[in-house]
Every structure is written in C-alpha cells, then in structure tokens.
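# Structural characterization, general
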Number of protein chains: 2
Amino acid sequence: MKRNTWQRDAVREALEHEAGFVSAQSLHTSLRGGGSSIGLATVYRALADLAAKGQADSLQQEGESLYRACTSGHHHHLICRNCGTTVEIKADAVEQWAHAVAAEHGFTRPEHVVDVFGLCASCSAR
Amino acid sequence: MKRNTWQRDAVREALEHEAGFVSAQSLHTSLRGGGSSIGLATVYRALADLAAKGQADSLQQEGESLYRACTSGHHHHLICRNCGTTVEIKADAVEQWAHAVAAEHGFTRPEHVVDVFGLCASCSAR
DNA sequence: TACTCTATTGATAACGAATATCATTAGCAC
DNA sequence: GTGCTAATGATATTCGTTATCAATAGAGTA
C-alpha cells in the first residue's frame with residue numbers, strides 16, 4: 001500500500017518552487033538548506049515516483065537526470081545550452097509523426113524523446 | 001597536431017561492424033576479445049573524437065552513452081526498448097519544426113534530440 | 001487509544017560510467 | 001636517425017545513482 005509522507009510532499013513542493021530543471025542532488029541540497037533533514041536516497045526515490053506518475057518530467061543532460069514539476073500533459077522542451085532556461089513547447093505534429101513512424105516499422109508502445117537545445121535570446125547576444 | 005594511430009582505426013572499424021548502438025565498455029570488451037590490447041580510456045577518447053567529427057552518432061540510454069557508426073548525414077532513430085534494434089529514420093518535417101520553434105522563441109544554434117523508443121515487431125509479439 | 005504490520009526512511013556502502021593522472025610509447029616533421 | 005610531443009593505457013579518482021538494512025512511522029484494526 002502507498003503511504004503519504006511529509007518527505008514526498010516536501011520534494012514535490014520544492015520541485016514546484018524551482019524555476020527550471022534541477023538535479024536530485026541540488027534539490028536535496030536546497031531542501032537541507034531550508035532546514036529539512038530529508039535524505040538523499042529519499043529525494044531520488046520521490047523524484048522517480050513523481051516521474052513515474054507523470055507529475056514530473058525529466059531529461060538527461062551531461063550524464064545526469066534533471067527533473068521539473070509537470071504543469072500539464074505531455075510536452076517537450078526548448079533548453080538553453082548556456083543558462084539552462086527552458087520553454088515548454090507543444091508539438092502535436094511531432095506526436096503524430098512519432099506514432100506514424102513507429103507504426104510504419106511495426107513498433108508498438110512508442111515513447112519519444114524530443115528536446116531542442118540552443119542558445120536563448122540573451123545568451124545569443126553575448 | 002592530429003596523429004593517426006592503429007587504435008583509432010580499430011575503434012572506427014569495430015564500430016562499423018556493429019549492428020546497432022554499443023557502449024564504449026562493450027566495444028572495448030569485444031576489441032579485447034578479438035585479441036587487441038587497446039585500453040579502455042583510448043576507446044572512450046576515440047569514440048568522443050568520432051562523435052565530434054560527425055563520423056559517429058550517440059544517444060543516451062539509462063545513464064550511459066551509446067555509439068554507432070554514422071552512415072550518412074543527419075537522422076534520428078527508432079529504437080526497440082527490449083532488444084535494442086535500431087532503425088534510422090529521416091524526418092525533414094521535424095528538422096524544420098525544430099528550427100521554426102527555436103527561432104520563434106529567439107533561440108539560436110538549435111540542435112535537437114529526437115529519438116523514438118518502442119517495442120519492435122518481434123518483441124511486441126512476445 | 002493501543003497494537004500490529006509493513007511501507008518508508010536515511011546513513012552509508014556499493015556500483016558503474018566516465019574522466020584525470022602520468023610515465024611510457026610511438027607518429028611525424030626534419 | 002633524431003627530437004618533439006601527441007597519444008596511449010594501467011590505474012586512481014570523481015560523481016551520479018542504486019542497494020543495503022536497521023530503525024521509524026503511516027494506516028488500518030480491535
């Protein structure tokens with residue numbers, strides 16, 4: 001049976017207060033900095049749970065997993081390589097394309113990774 | 001100055017003889033199995049070089065980098081979650097969409113990660 | 001409320017991929 | 001051949017993540 005603990009709530013809340021994507025490690029550090037006694041392993045577990053339930057989405061960058069509170073439904077990201085700013089983007093056309101291309105080759109249960117990296121306007125200026 | 005060594009050639013050749021994506025570790029193991037005395041660090045360096053020169057493409061899966069000899073130009077992949085079979089897919093529509101969406105938000109130098117994971121026909125059957 | 005059961009926690013050890021170190025080796029220009 | 005130095009490779013190290021396991025604390029039940 002699933003139990004509700006203050007630790008899970010703390011992780012979800014902390015994630016919602018973050019501006020962009022954060023790693024499990026840095027989320028743990030900021031929770032500790034805020035006076036919490038939560039353990040690192042628990043942060044990893046809570047984030048994995050949130051991601052599994054669709055309440056957070058994640059992406060891989062430079063060998064580590066970054067998480068972000070999931071605001072609504074399925075979407076993708078436009079991420080600044082330099083400052084980490086992220087923009088959520090809807091891409092219905094790409095969703096359909098992914099399904100079509102999977103079906104075309106006999107693949108089932110398609111999931112896709114679609115992220116666009118670049119330099120945001122302010123980082124481009126520099 | 002760049003020097004040509006038999007180690008780099010061995011890595012490129014081994015990569016070309018692989019069917020799908022392989023990790024640096026497994027490529028090193030198979031090279032060693034074939035009688036080579038190449039070092040693990042060298043395999044990592046050679047793969048990074050190949051990827052940087054566009055002669056190999058890579059993707060992240062479960063926290064490790066996988067490499068594959070790059071046959072031609074830019075493309076994406078349809079990958080079986082179960083057996084690792086990969087199919088190269090062209091997606092001009094997605095390329096254009098990525099550029100358009102990046103430009104729309106003021107992003108420059110867009111690069112994108114577009115991979116579709118699923119279960120291939122034979123794995124679906126089981 | 002007291003009791004029981006067991007999911008969850010957290011300190012820490014363990015693991016694994018990738019990188020750094022550095023003495024040795026071997027391309028390549030001359 | 002000689003000299004310079006990029007490249008190699010055994011190994012140590014770093015770092016993100018997961019496993020271990022005793023202790024803790026939800027959540028039903030009496």
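The structure presented is a predicted model; accordingly, all values stated were derived computationally and were not measured.

### Side note on the overall build of chain A
The helix and strand tally for chain A stands at five helices and six strands. Going from the N terminus to the C terminus, chain A shows its helices and strands as α-β-α-α-β-β-β-β-α-β-α. With the C-alpha coordinates of chain A rotated into their principal frame, the extents come out at 50 × 50 × 25 Å. Per-residue burial for chain A yields a buried fraction of 40% across its 126 residues. In chain A, once contacts between residues fewer than 6 apart in sequence are set aside, the share between residues at least 24 apart is 47%. Accessible surface, chain A: about 7100 Å² in total, of which carbon and sulfur atoms supply 49%. Averaged over its 12 positive side-chain charges, chain A has a centre that lies 8 Å from the centre of its 14 negative ones.

### Looking at the interface of chain B and chain A
At the junction of the two partners, chain B supplies 31 residues and chain A supplies 31 residues. Of the roughly 2800 Å² buried at the junction of chain B and chain A (both faces included), carbon and sulfur atoms supply 68%. Contact with chain A buries surface across chain B, with B:Trp97, B:Phe107 and B:Val113 losing the most and accounting together for 23% of the total. Linking chain B with chain A are zero salt bridges. Between chain B and chain A we count 10 residue pairs in polar contact (both at pLDDT 80 or more) in total. Of all the secondary structure elements, the ones that give two or more residues to the side of chain B that touches chain A are β4 (76-80), β5 (86-89), α4 (92-104), β6 (108-119) and α5 (121-125) of chain B. Among the elements that take part in the side of chain B that touches chain A, β6(B) stands out by supplying 12 residues, more than any other. Considered class by class, the residues forming the side of chain B that touches chain A number 20 nonpolar, seven polar and four charged. With nine bridges connecting them, strand β6 (residues 108-119) of chain A and β6(B) associate as antiparallel partners.

### Re the relation of the copies chain B and chain A
Structural alignment of chain B on chain A gives an RMSD of 0.2 Å, achieved by rotating through 180° and translating 0.0 Å along the axis. The superposition operator between the copies reduces to a two-fold rotation axis. The C-alpha atom lying nearest the rotation axis in chain B is that of B:Val114; the distance is 2.2 Å. By residue overlap, the copies meet face to face through one surface: 100% of the interface positions of chain B are interface positions in chain A.

### Side note on the protein's contact with DNA strand C
DNA strand C sits among 22 residues. The nearest are A:Thr5, A:Thr42, A:Arg45, B:Arg3 and B:Ser65. The protein-proximal atoms of DNA strand C, defined as those within 4 Å of the protein, are 67% sugar or phosphate. Here a phosphate oxygen of DNA strand C and a backbone polar atom of A:Gly39 are 3.1 Å apart. Within the contact set of DNA strand C, a phosphate oxygen lies 2.7 Å away from a backbone nitrogen or oxygen of B:Ser65. For the surface near DNA strand C, the secondary structure elements donating two or more residues are α1 (6-16) and α3 (40-52) of chain A together with α3 (40-52) and β3 (64-69) of chain B.

### A word on the sheet that holds strand β5 (residues 86-89) of chain A
Sheet architecture is open: six strands sit in the order β5(A)-β4(A)-β6(A)-β6(B)-β4(B)-β5(B), paired in mixed fashion. Bordering the open sheet on either side are β5 of chain A together with β5 of chain B, each of which pairs with just one other strand. Along the sheet, successive strands turn relative to each other by an average axial angle of 20°, direction set aside. With four bridges connecting them, β4(B) and β6(B) associate as parallel partners. Each residue of the ladder has a partner; that of B:Ile79, found in β6(B), is B:Phe117. Across the sheet, helix α4 (residues 92-104) of chain A lies against β4 (76-80) and β6 of chain A together with β4, β5 and β6 of chain B, angled at about 135° from β6(A), the strand it touches most. Strand contacts of α4(B): β4, β5 and β6 of chain A together with β4 and β6 of chain B, with the helix running at about 135° to β6(B), the strand carrying the most contacts.

### Things to note about helix α1 (residues 6-16) of chain B
Residues and elements named next belong to chain B. Those residues of α1 that fall on the buried side of the exposure criterion are Ala10, Val11, Ala14 and Leu15. Projected down its long axis, α1 shows its buried positions confined to an angular sector of 130°, all on one face. Against β1 (22-23), α2 (24-33), α3, β2 (56-61) and β3 lie the buried residues of α1.

### Comments concerning the sheet that holds strand β2 (residues 56-61) of chain A
Residues and elements named next belong to chain A. With antiparallel pairing, the three strands of this open sheet are ordered in space as β1-β3-β2. Every interior strand has two partners, whereas the edge strands, β1 (22-23) and β2, have only one. Where β1 lies against strand β3 (residues 64-69), two bridges are found, and the strand directions are antiparallel. Directly across from Val22, in β3, lies its bridge partner Tyr67. In the packing of α1 onto the sheet, the strands contacted are β1, β2 and β3, and the crossing angle to β3 comes to about 85°.

What counts and what doesn't
- Residues numbered from 1 in each chain as written.
- Chains lettered and ligands numbered in written order.
- Predicted model: local features only at pLDDT ≥ 70, side-chain atom pairs only at ≥ 80, totals over all residues.
- Heavy atoms only, no water.
- Helix = DSSP H or I, 4+ residues; strand = E, 2+ residues; numbered from the N terminus.
- Buried < 20%, exposed > 50% of the residue type's maximum accessible area, 1.4 Å probe, protein only.
- Contact = heavy atoms within 4.5 Å.
- Areas by Shrake-Rupley, 256 points an atom, 1.4 Å probe, with all protein chains shown as cover.
- Lys, Arg positive; Asp, Glu negative; His and termini not counted.
- Charge placed at Lys NZ, Arg CZ, Asp CG, Glu CD.
- Buried area = accessible area lost by both parts, 1.4 Å probe.
- Salt bridge = Lys/Arg side-chain N within 4 Å of Asp/Glu carboxyl O.
- Polar contact = N/O pair within 3.5 Å; in protein donor to acceptor, adjacent residues only side chain to side chain.
- Nonpolar A, V, L, I, M, F, W, Y, C, P; charged D, E, K, R; others polar.
- Pairing = 2+ DSSP bridges.
- Least-squares fit on C-alpha atoms with pLDDT ≥ 70 in both.
- Near = heavy atom within 4 Å.
- Axes fitted to C-alpha atoms, helices over the stretch in contact; angles between N-to-C directions.
- Arc of directions from axis to C-beta.

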